[in-house]
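A structural walkthrough
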Amino acid sequence: MRLKEGINISELLKDAQKCEHDVYPESDDGDRRNLKSTLSQYVLVVLAGNEEVFTAAKLVCAPEDEEKLSYYTEE
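A quick note: this is a predicted structure, and the numbers were derived from the prediction, not measured.

Considering helix α1 (residues 9-18)
- Residues of α1 that are buried: Ile9, Leu12, Leu13, Asp15 and Ala16. Down the axis of α1, the smallest arc covering the buried residues is 165 degrees, so these residues share one side.
- If you follow the buried residues of α1, they end up packed against β1 (2-3), β2 (23-26), α2 (38-48), α3 (51-56), β3 (58-61) and α4 (66-69).

The following block contains the structure:
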């Protein structure tokens, strides 16, 4: 699921914390950072400053958590 443009990063991070399983933004290079990690949250905020890189990322999560994060992703 690709991330949408213009999403509220702080809301995404709050909702990722509510998920039962780990949530990862994944770059085109395959790099993943667990959004339940504070350091990874900081990295995501920095990446959000580069809209082209940020919206190219995919959000990877367990199927049961997809609905909680669907607001932030495109089909």
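Overview of the side chain of glutamate 26
- In this structure, glutamate 26 sits in strand β2.
- At 2.8 Å, the side chain of glutamate 26 and the side chain of arginine 32 are in polar contact.

Remarks on α2
- Here α2 has its buried residues at Ser40, Gln41, Leu44 and Ala48. The arc that holds every buried residue of α2, seen down its axis, measures 105 degrees, which confines them to one face. Turned more than 90 degrees away from the buried face of α2 sit Leu39, Tyr42 and Val46, all of them exposed.
- Elements in contact with the buried residues of α2: α1, β2 and α3.

A look at the pairing of β3
- By the alternation rule, side chains of β3 split into Leu59 and Cys61, which are all buried, and Lys58 and Val60, of which none is buried.
- Direction of pairing for β2 relative to β3: antiparallel, over a ladder of four bridges. By the bridge assignment for β3, glutamate 26 is matched with lysine 58.

Details of the environment of asparagine 8
- Along the chain, asparagine 8 turns up in the loop between β1 and α1.
- Overall, the relative accessible area of 40% leaves asparagine 8 in the partly exposed class.
- C-alpha of asparagine 8 to C-alpha of tyrosine 71: the two residues are 63 residues apart in sequence and 10 Å apart in space.
- In terms of polar contacts, asparagine 8 uses its side chain to reach the side chain of serine 10, at 2.7 Å.

A word on the packing of aromatic side chains
- Evaluation of the coordinates by the stated rule reveals one aromatic pair.
- Measuring from centroid to centroid gives 5.2 Å for tyrosine 71 and tyrosine 72, while their planes differ by 90 degrees, and the two rings are edge-to-face.
- The class for tyrosine 72 is buried, based on a relative accessible area of 4%.
- A cation over a ring is seen here: lysine 4 above tyrosine 71, with NZ or CZ 5.3 Å from the ring centre.
- The ring centre of tyrosine 24 lies 5.4 Å from the NZ or CZ of arginine 32, which sits over that ring.

The rules we used
- The numbering scheme is per chain: residues are counted from 1 as the chain's sequence reads.
- With the structure being a predicted model, the display of local features is reserved for residues of pLDDT at least 70 and the display and counting of side-chain atom pairs for 80 or more, all residues being used for whole-chain, interface and lining totals.
- Only hydrogens and water are set aside; all other atoms, that is, all heavy atoms of the structure, feed into the side-chain values.
- Type-normalised accessible area, obtained with a 1.4 Å probe on protein chains alone, sets the label of each residue: buried when under 20%, exposed when over 50%, and partly exposed for intermediate values.
- Note on conventions: DSSP H or I runs of at least 4 residues are helices, E runs of at least 2 residues are strands, and numbering of each starts at the N terminus.
- Within this analysis, the arc is defined by the directions that extend from the helix axis to the C-beta atoms.
- Note on contacts: a residue pair is in contact if any heavy atoms of the two residues lie within 4.5 Å.
- Nitrogen and oxygen atoms within 3.5 Å of one another constitute a polar contact, given that in protein one can donate a hydrogen and the other can accept it, and given that sequence-neighbouring residues count only through two side-chain atoms.
- A pair of strands is considered paired only if DSSP assigns at least 2 bridges between the two.
- Ring geometry is summarised as follows: Phe, Tyr and Trp rings, the Trp one being its six-membered ring, pair when their centres sit within 6.5 Å, and such pairs are stacked at plane angles under 30 degrees, edge-to-face over 60 and tilted between the two.
- In our convention, an over-ring charge means Lys NZ or Arg CZ found within 6 Å of a ring centre and within 35 degrees of that ring's normal.

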